[in-house]
Amino acid sequence: MSELVARTGRLQQRYENGYRLVAGCVPFRYKCSNDCGGSSSEENIVEVLMINSPSGPGLLFPKGGWENDETVEEAAVREAIEEAGVRGDLMDFLGYYEFRSKTHQDEFSPEGLCKAAMFALFVKEELELWPEQSTRNRRWLAVSEALESLRHAWMRDALEHFCKWHEDKLVS
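Our subject in this report is the structure included herewith. Treat the numbers as computed from the prediction; the structure is a model and nothing was measured. (Residues numbered from 1 in each chain as written. Predicted model: local features only at pLDDT ≥ 70, side-chain atom pairs only at ≥ 80, totals over all residues. Heavy atoms only, no water.)

To continue, consider the overall build of the chain. Helix and strand counts for the chain stand at 3 helices and 8 strands. When the elements of the chain are put in sequence order from the N terminus, they spell out β-β-β-β-β-α-β-β-β-α-α. The 172 residues of the chain split such that 45% are buried. The long-range share in the chain, meaning contacts at least 24 apart out of those at least 6 apart in sequence, stands at 70%. As displayed, the chain offers around 9,500 Å² of accessible surface, 47% of which is attributable to carbon and sulfur atoms. (Helix = DSSP H or I, 4+ residues; strand = E, 2+ residues; numbered from the N terminus. Buried < 20%, exposed > 50% of the residue type's maximum accessible area, 1.4 Å probe, protein only. Contact = heavy atoms within 4.5 Å. Areas by Shrake-Rupley, 256 points an atom, 1.4 Å probe, with all protein chains shown as cover.)

Structure below.
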């Protein structure tokens, strides 16, 4: 059992103009290619961490409700720990992504409208135990595999923005 406990409920949930506010991240790491002996970024392959959804097929990035007692960055880091069992350095903001949730409709967002703030997270630690491990599996994938495996179009957009960010910020 994990020492960490996932937050539940909607009492602290943030809303804005009929949208439930959500925070999440694209967790990533570098995997050395077969022939690399040095540490040059050209020899490393970028992998992203994906998790399954207990409510259906396809893979996701960790994300969840942004609550009143935390910053959006704190919420993104918390969701990475709760859902994927990873810690690391939150890098840059990738953008806001709007979507409609079929499972999270409530009095403040009756149509299930959500607005997700997504960040790049450089993973430094994979936890052996984490709050949602009984319902979530995590899987490292190359970006090309991840693009084919993502359940939601808005997450594909976030991954494409991550790739552009990575190329602009880290490689150059």
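Once the structure has been displayed, the description carries forward.
Counting residues in hydrophobic clusters, the biggest one holds 35 residues, and the most contacted among them are Val26, Val48, Met50, Phe61, Met118, Leu159 and Phe162. Beyond its immediate chain neighbours, meaning those up to four positions away, Val26 contacts Val48, Phe61, Leu94, Met118, Phe119, Ala120, Leu121, Leu159 and Phe162. (Core = buried A, V, L, I, M, F, W, Y, C linked by side-chain atoms within 4.5 Å.)

Another aspect to go through is the environment of Glu160. Tracing the chain through its elements places Glu160 in helix α3 (residues 153–171). Separated by 13 residues in sequence, Glu160 and Leu147 place their C-alpha atoms 8.4 Å apart.

We now examine the pattern of salt bridges. What the rule picks out here adds up to 13 salt bridges. Salt-bridge contacts for Glu82 lead to Arg78; the nearest nitrogen and oxygen are separated by 3.3 Å. On the criterion of helical spacing, the pair formed by Glu82 and Arg78 is a turn pair, its members being 4 residues apart in helix α1 (residues 72–84). Note that Lys169 and Asp92 form a salt bridge whose closest N and O atoms lie 4.0 Å from each other. Linking Lys169 in helix α3 with Asp92 in strand β6 (residues 86–100), this pair joins segments that are 77 residues apart in sequence. Taking relative accessible area as the criterion, Lys169 reaches 53% and is therefore assigned exposed. Overlapping salt bridges bring together Arg29, Glu47, Glu126 and Arg138 as one network. (Salt bridge = Lys/Arg side-chain N within 4 Å of Asp/Glu carboxyl O.)

What follows covers the side chain of Arg78. Since its relative accessible area comes to 11%, Arg78 is described here as buried. Within the local environment of Arg78, its side chain forms a polar contact with the backbone oxygen of Gly65, the two atoms lying 2.8 Å apart. (Polar contact = N/O pair within 3.5 Å; in protein donor to acceptor, adjacent residues only side chain to side chain.)

The subject of this paragraph is the packing of aromatic side chains. Each aromatic ring pair is characterised by the separation of its centres together with the angle its planes make. A complete count under the given rule lists 10 aromatic pairs for this structure. Centroid distance Phe28 to Tyr30: 5.9 Å. Interplanar angle 90°. Geometry classified as edge-to-face. Judged by relative accessible area, Tyr30 falls into the partly exposed class, the value being 32%. Taken together through their ring pairs, the aromatic side chains of Phe28, Tyr30, Phe122, Phe162 and Trp165 make up a single cluster. Taking the ring centre of Tyr96 as reference, the NZ or CZ of Lys115 above it sits at 4.7 Å. (Phe/Tyr/Trp six-rings, centres within 6.5 Å; stacked < 30°, edge-to-face > 60°. Lys NZ or Arg CZ within 6 Å of the ring centre and 35° of its normal.)

Inspection of the secondary structure puts Ser53 in strand β3 (residues 44–53). Along the backbone, Ser53 and Arg151 are 98 residues apart, and their C-alpha atoms lie at a distance of 9.0 Å. For Ser53, the residues in contact, after removing those within four places along its chain, are Gly58, Leu60, Arg136 and Arg151. A polar atom in the side chain of Ser53 sits 2.7 Å from the side chain of Arg151.

The next subject is the side chain of Ser101. Considering the arrangement of structural elements, one finds Ser101 in the loop between β6 and β7 (113–126). Residue Ser101 is classed as buried on the basis of its relative accessible area of 8%. Leave out the neighbours within four places in its chain, and Ser101 touches Glu111, Gly112 and Cys114.

A few words now on unusual backbone geometry. Excluding glycine, residues mostly have negative phi values, and the peptide bonds linking residues are mostly trans. In this structure, Asn17 takes a positive phi of about 50° despite not being glycine. Here Asn17 is to be found in the loop between β1 (15–16) and β2 (19–32). Residue classification places Asn17 among the exposed positions, given a relative accessible area of 73%.

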